[in-house]
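Below, each chain spelled out in residue letters.
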Amino acid sequence: DIQMTQSPSTLSASVGDRVTITCRASQRISTWLAWYQQKPGKAPKLLIFDASSLQSGVPSRFSGSGSATEFTLTISSLQADDFATYYCQQYSSSPYTFGQGTNLEIK
Amino acid sequence: QVHLQESGPGLVKPSDTLSLSCVVSGYSITGSSWWGWFRQPPGKGLEWIGYIYHSGSTSYNPSLKSRLTMSIDTSKNQFSLKLTSVTAVDTAMYYCARGAPGSFFYMDVWGKGTTVTVSS
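Sequence order as written defines residue numbering, which begins from 1 separately in each chain. Note on labels: chains are lettered from A, ligands numbered from 1, in written order. In keeping with the predicted nature of the model, local features appear solely for residues at pLDDT of at least 70, side-chain atom pairs appear and are counted solely at 80 or more, and the whole-chain, interface and lining totals rest on all residues. Computation of side-chain values: all heavy atoms of the structure, hydrogens and water removed.

## Quick look at the sheet that holds strand β1 (residues 4-7) of chain A
Residues and elements named next belong to chain A.
- Overall, antiparallel pairing links the four strands, which are arranged β1-β3-β8-β7 in an open sheet. Since the sheet does not close on itself, it has two edges, and those belong to β1 and β7 (62-67), each with one partner. Pairwise comparison of adjacent strand axes, ignoring direction, gives a mean angle of 15° for this sheet.
- Pairing between β7 and strand β8 (residues 70-75): six bridges, direction antiparallel. Note on β8: the bridge partner recorded for Ser-67 is Glu-70. Strand pairing is assigned whenever DSSP identifies at least 2 bridges connecting the two strands. Helix and strand definitions here come from DSSP, where helices need a minimum of 4 consecutive H or I residues and strands a minimum of 2 consecutive E residues; each element is numbered from the N-terminal end. For every element, the axis is a line fit to its C-alpha atoms; helices are fit only across the contacting stretch, and the angle between N-to-C directions ranges from 0 to 180 degrees.

So, in structure tokens, the structure goes:
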């Protein structure tokens, strides 16, 4: 199985900050990576697919980059609505595994 | 607007079979999308359970494969999950989701989820 490791597990930041979350894969996955945002009690929401493609309707302050084994999700200027948990998921090969999540909290 | 709605029993006894359904509206289940199930134990992360295509092709998480059956009913525009011999570790929020059109494995529309508790 491909292991996905996110860092940090928890990130404290303020509105207006630029933040970056990293996701590392235990094997090369090309750019078969998605990022999801999840708020408490809600379903995940797709933000980024194919490592760097922005899902329709997602604000442009979200961006993704990377390939092979190292990926990043960047939020250029945090808004109050962005405080949530973020997950990466690889869809290169089964089982399609997720990172453990990064909890983005208000400083 | 595409909507997915999960339904299921809520409470299942240990060793019983868990059955969940996901009704799709606003999009034909015979479109070029895979359909997936995911779960999230309380306070934990997301786990992929499996995918099914309208042709009946499936891809299951190997960790669940021996207990898992997914099916699709095109006449009702819905797909289903059966998980046998459940235990407390199967307690979770279960989500159904649509793979992005074009036969992609990232999920662009999710249901709100249904809680399943395994307890006697």
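So much for the structure itself; the text now carries on.
## Focus: the interface of chain A and chain B
- Contacts between chain A and chain B engage 17 residues on the former and 20 residues on the latter.
- Buried area: the sum, over both parts, of the accessible surface (1.4 Å probe) that disappears when the two are put together. Together, Pro-44, Tyr-96 and Phe-98 of chain A form the three largest contributors to the area buried by chain A at its contact with chain B, with a combined 33%.
- Any N or O atom pair separated by 3.5 Å or less is treated as a polar contact, with the protein-specific requirement of one donor-capable and one acceptor-capable atom, and with residues adjacent in sequence counted only for side-chain atom pairs. At the boundary of chain A with chain B, the tally comes to five residue pairs in polar contact (both at pLDDT 80 or more).
- It is strand β4 (residues 33-38) of chain A that provides the largest number of residues to the side of chain A that touches chain B, a total of three residues.
- By the convention adopted, Pro, Cys, Tyr, Trp, Phe, Met, Ile, Leu, Val and Ala count as nonpolar, Lys, Arg, Asp and Glu as charged, and the other residues, Gly among them, as polar. Taken together, the residues of the side of chain A that touches chain B sort by class into eleven nonpolar, four polar and two charged. Every residue pair with non-hydrogen atoms within 4.5 Å of one another is taken to be in contact.

## Looking at the packing of aromatic side chains
- Two aromatic rings from Phe, Tyr or Trp, using only the six-membered ring of Trp, form a pair when their centres are within 6.5 Å; if the ring planes differ by under 30 degrees the pair is stacked, by over 60 it is edge-to-face, and anything between is tilted. Counted according to the given criterion, the structure contains 21 aromatic pairs over all chains.
- Between the aromatic rings of Phe-49 of chain A and Tyr-106 of chain B, the centroid separation amounts to 4.5 Å while the plane-to-plane angle is 10°, which identifies the pairing as stacked. With Phe-49 of chain A in strand β5 (residues 45-49) and Tyr-106 of chain B in the loop between β9 (92-99) and β10 (107-110), this residue pair bridges two chains. The pair formed by Phe-49 of chain A and Tyr-106 of chain B is uniform in burial state, with each residue classed as buried.
- Relative to Tyr-53 of chain B, the ring of Trp-34 of chain B has its centre 5.2 Å away and its plane inclined at 45°; by these criteria the two rings are tilted. Of this pair, Trp-34 of chain B sits in the loop between β3 (18-25) and β4 (35-40) while Tyr-53 of chain B sits in the loop between β5 (47-52) and β6 (58-60), placing them 19 residues apart in sequence. Exposure class is identical for Trp-34 of chain B and Tyr-53 of chain B. Each is buried.
- For a ring to carry a charge above it, either NZ of a lysine or CZ of an arginine must fall within 6 Å of the ring centroid while also lying within 35 degrees of the normal to the ring plane. Seen from the ring of Tyr-27 of chain B, Arg-98 of chain B lies directly overhead, with NZ or CZ sitting 4.5 Å from the centre. Only protein chains enter the accessibility calculation, which uses a 1.4 Å probe. A residue is then buried if its area is under 20% of the maximum for its type, exposed if over 50%, and partly exposed in between.

## Some details on the state of the cysteines
- Cysteine sulfur pairs qualify as disulfides if the two atoms are within 2.5 Å. For the structure shown, the criterion picks out two disulfides over all chains.
- Here Cys-23 of chain A is linked by a disulfide to Cys-88 of chain A, with a sulfur-sulfur distance of 2.1 Å. What sets the handedness of the Cys-23 of chain A and Cys-88 of chain A disulfide is the S-S torsion sign, and at about 70° it is right-handed. Of the two residues, Cys-23 of chain A is situated in strand β3 (residues 19-25) and Cys-88 of chain A in strand β9 (residues 85-90); the sequence distance between them amounts to 65 residues.
- What pairs with Cys-22 of chain B in a disulfide is Cys-96 of chain B, and their sulfur atoms sit 2.0 Å apart. Because the torsion about its S-S bond is 65°, the bridge between Cys-22 of chain B and Cys-96 of chain B counts as right-handed. Separated by 74 residues along the polypeptide, Cys-22 of chain B in strand β3 and Cys-96 of chain B in strand β9 bring together distant segments of the chain.
- Cys-22 of chain B gets classed as buried once you look at its relative accessible area, which sits at 0%.

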